[in-house]
Structure formats: C-alpha cells, structure tokens
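# Per-entry structural report
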Amino acid sequence: MFDRTIFRRAALAGAAALAMAGLASPAFAQKTRLTVYTALENDQLDPFKKAFEADNPTIEIAWVRDSTGVVAAKLMAEKDNPRADIIWGLAASNVGLMATMGMLEPYTPAGSTSLNPMFLSGKSPQTWVGMDAYLSLVCFNTAEGKKANKPVPTSWADLIKPEYKDSIVMPNPASSGTGYLTIAAWLQIMGEEAGWKYMDALHQNIAQYIHSGSAPCVQAAKGERLIGIGLDTRGASEKTKGAPLELVIPKEGLGWELEVTAIVKGTKNLEAAKKLADWAATKKANELYAKTYPIVAYPGVAITPPNYPPNLEKVMVKNDVEWMAKNRDRILAEWTKRYDGKSAPKAK
C-alpha cells in the first residue's frame, strides 16, 4: 500500500534541498571577477591571489601580467576603453603619468594613514598608494679593484674619474625602470644642466648600457666589469652567494622608485576594486611585499636580507615621482640621442 506520509516527507525534503540550492547559487553567481594589471614577479602572483581571496571570498582575481613597460603601454593603449579594473604592482612614475591623464579613480584606502607618507601620492583622495621601494646603488668588485689598483668609489662624482674608463655598466633607462630611476635621481640631485653634464662625463667611463636592472651587479659579481650600477636587492643577493662585492652607497644619496596600487577609472567593478585597494594597504599585504623587497610601505614589517645595507630609507634622495612621470618621455628621448651608441643589442 502506498504510504502518503513518506511521500510527503520526501517531497518536503526535496523542496528544502532545492530552496537551499536556490539560496546558494545566487551567492556563487555574485562572485566578482576582478581584472588586475601587474608587473609583479610571477612567483608573487599565486601567494597574493590566495591571501586576498581568502579574506574576500566573493572576489576572484584575474591577473594580466607583463614587464613594467609592456603593462604601462597596454594601459595607455586602452585609455579610452579600459579593460583593467585595478593596477597592483606597477612603477609609480608610470602610474603617476596616468593620473595626470585622468586615467585613475581617486580613492584613499582604509588604513592608508598607517603607511609611510613617502608611499602616498599626496593627493586627496589619493590617486595611488605605494607598496614597496627599489633602489639603485653601486656594486664594486673588490677583487678586480685590488688587481687593477682601483679605489672603491664613495660618491656618484667619483665615477667620472679617468681611472674608471670603460669599467662601468649600468641599465639603459629607456628599457629599464632601474635605469630610469637612476638618471632621474641625478637630474633632481644636481639640477638638469649639471645632471646632463655629469652624464656626458660618465658616458666616457661606461662600457655598456644593459637592458636590465639586475644585470650590471651580476656582471660586476662575476668580475666581467669592475663596477655595476644596478638594483639594490640583486647586489645583496650576489654578495650573499659569495661574490667579492662591496655595495657602495654614494654620499649624494640613492635614487628610488615605488611599486603602487591604483584603481582604473571606468572600472565596472568599483566596489571590488576598492576592497583590493584597501587590502593592498594592510599590514598583512605588506608582510607579503616584504618577502621580496626590504623597504615596504607599512612601518615595522620589513625583512632585511643578508648583506643588504641597513637604513637605506635615510639615504633615499628627495624624489618627485610626479615630475618623473611628466618628464619621462622628454628625458628618455634626450638620453637616447646622447648615449644610445653604447647600448647593448636588444634580444630578439
């Protein structure tokens, strides 16, 4: 005999299950896919994505990653029809130029007042917020210096002395962010007229301009060149590997650049982008940045790697990132006209 009670109970249970599924599916459907443009290193992407999504389960990051120049060019090309929602990890001088062109959505992330003021755009609301800093310094091979009886330089001015002729390599600023921050610092420290005069003299001692911020210190580490002007962290890592390097902090100070976060104007996912901007300014996010960079925006979370010079924040020159952004094309055109003859061939 058919048991109507059992049937009704089964029907009610099925209806309840369908109702629960109905409640669950809209929540799943509402998950926002956030397109994030970045020049972060590949090994940073997965940890950053996992950490953010764990704290923001309704948002999914979709990375678009390439080198700094390529990402900046892509954003510029898409200016009138933006495809990115937010930038997370791109040079401040590139992003600063975009701010002057009205490409960014001004927003001051929650908690950004806890950050080192040097890492803020200084606008109200902020146009971008910094994450970490990278610098250029002088890598001097002490073994080669001893063999050739060459003194260790102590200043940028020392590098134009005749004893260093054909002994120096540095990044090409037209292809390397480290190269650009270096010459921008010279022009700001010395003034433009004196800065170009200095680079004219330095050019006589340059063996080659290389299309990489890391390679000059690597070449110095290997003894292929006496001096490399290059990336701070690469110099420290090469010394830690056993290279006979002295990391020289020129007494005039060091040029620097920031990686920053900024919301793209026109995003259709503004609230989600704001959540990422908020999270990117947190202590937790800065602890991730500190695994790669010794100088980060949030005070007190930096991790100093072996052989990294201490207290470099104190020798970072006064740097006008907005000036770097606005004058970038002009400076690079002038640099290329004067010095490109000693540039390394570009890889095909």
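It should be noted that the structure appears before, not after, this text.
What comes next is a walk through the structure.

Cut-offs applied
Residues numbered from 1 in each chain as written. Predicted model: local features only at pLDDT ≥ 70, side-chain atom pairs only at ≥ 80, totals over all residues. Heavy atoms only, no water. Axes fitted to C-alpha atoms, helices over the stretch in contact; angles between N-to-C directions. Helix = DSSP H or I, 4+ residues; strand = E, 2+ residues; numbered from the N terminus. Parallel < 35°, antiparallel > 145°, perpendicular 65-115°, else oblique. Left-handed = near helix turned anticlockwise from the far one by under 90°. Contact = heavy atoms within 4.5 Å. Nonpolar A, V, L, I, M, F, W, Y, C, P; charged D, E, K, R; others polar. Salt bridge = Lys/Arg side-chain N within 4 Å of Asp/Glu carboxyl O. Core = buried A, V, L, I, M, F, W, Y, C linked by side-chain atoms within 4.5 Å. Buried < 20%, exposed > 50% of the residue type's maximum accessible area, 1.4 Å probe, protein only. Polar contact = N/O pair within 3.5 Å; in protein donor to acceptor, adjacent residues only side chain to side chain. Pairing = 2+ DSSP bridges. Arc of directions from axis to C-beta.

This next bit is on the packing of helix α6 (residues 177-190) against helix α7 (residues 192-203). Contact pair α6 / α7: the axes reach a minimum separation of 6 Å and the direction vectors enclose 130°. With respect to α7, the axis of α6 lies oblique. Where α6 crosses over α7, the handedness of that crossing is right-handed. Contacts between α6 and α7 pair Ile183, Trp186, Leu187 and Met190 from the former with Glu192, Ala194, Gly195, Trp196, Tyr198, Met199 and Leu202 from the latter. Across the contact of α6 with α7, the residue classes tally to nine nonpolar, one polar and one charged.

With that settled, the discussion passes to unusual backbone geometry. What is expected of a backbone is that most residues other than glycine have negative phi and most peptide bonds are trans. The residue after Ser124, namely Pro125, is reached through a cis peptide bond having omega -5°. Residue position: Pro125 is located in the loop between β4 (104-105) and β5 (129-141). We note that Asn307 has phi near 65°; this positive angle belongs to a residue other than glycine. Considering the arrangement of structural elements, one finds Asn307 in the loop between β11 (295-296) and α12 (321-339).

This part covers the pattern of salt bridges. In this structure the tally under the stated criterion is 18 salt bridges. A salt bridge links Lys326 to Glu322; the shortest N-O distance between them is 3.3 Å. Residue Lys326 and its partner Glu322 are both found in helix α12; the two are separated by four residues, about one turn of the helix. When salt bridges that share partners are traced, they join Asp200, Glu334, Lys337 and Arg338 into one network.

Moving on, we get to the nonpolar core. In this structure, Leu75, Leu159, Trp186 and Met199 are the most contacted members of the largest nonpolar core, which totals 77 residues. With eight residues, the single largest contributor to this core is β5. Not counting the four nearest positions on each side in its chain, Leu159 is found in contact with Val138, Pro153, Tyr164, Ile168, Tyr198, Leu202, Asn205, Ile227 and Ile229. The next biggest cluster of nonpolar side chains, apart from the first, holds 26 residues, and it includes Leu40, Leu45, Ile86 and Ala277.

Turning our eyes to something else, we now look at the side chain of Asn141. Position of Asn141 among the secondary structure elements: in strand β5. When its relative accessible area of 2% is taken as the criterion, Asn141 is described as buried. At 2.8 Å, the side chain of Asn141 and the backbone nitrogen of Glu144 are in polar contact. Polar contacts involving the side chain of Asn141 include one to the main-chain carbonyl oxygen of Ala220, which spans 2.7 Å. Not counting residues up to four positions away in its chain, the partners in contact with Asn141 are Ala220, Ala221, Gly223, Arg225, Leu226, Pro244 and Leu245.

Okay, the environment of Met170 next. With respect to the helices and strands, the residue Met170 is situated in strand β6 (residues 168-171). Sequence-distant contacts of Met170, defined by excluding residues within four places in its chain, comprise Thr182, Ile183, Trp186, Leu202, Ile206, Gln208, Tyr209, Ile210, Pro216 and Ile229.

What follows concerns the pairing of strand β8 (residues 227-231). Most of β8 is tucked away, with five of its five residues classed as buried. Both β5 and β8 contribute to a ladder of five bridges, which runs antiparallel. Bridge pairing in β8 links Cys139 to Gly228. Pairing of β6 with β8, which is carried by two bridges, proceeds in the parallel orientation. Each residue of the ladder has a partner; that of Ile168, found in β8, is Ile227.

Bringing helix α10 (residues 270-280) into the picture now. All of the buried residues along α10 are Ala272, Ala273, Leu276, Ala277, Trp279 and Ala280. Axial view of α10: buried residues confined to an arc of 165°, hence all on one face. Here the buried face of α10 lies against β1 (32-38), α2 (42-55), β2 (59-65), β3 (86-91), β10 (256-264) and α11 (283-289).

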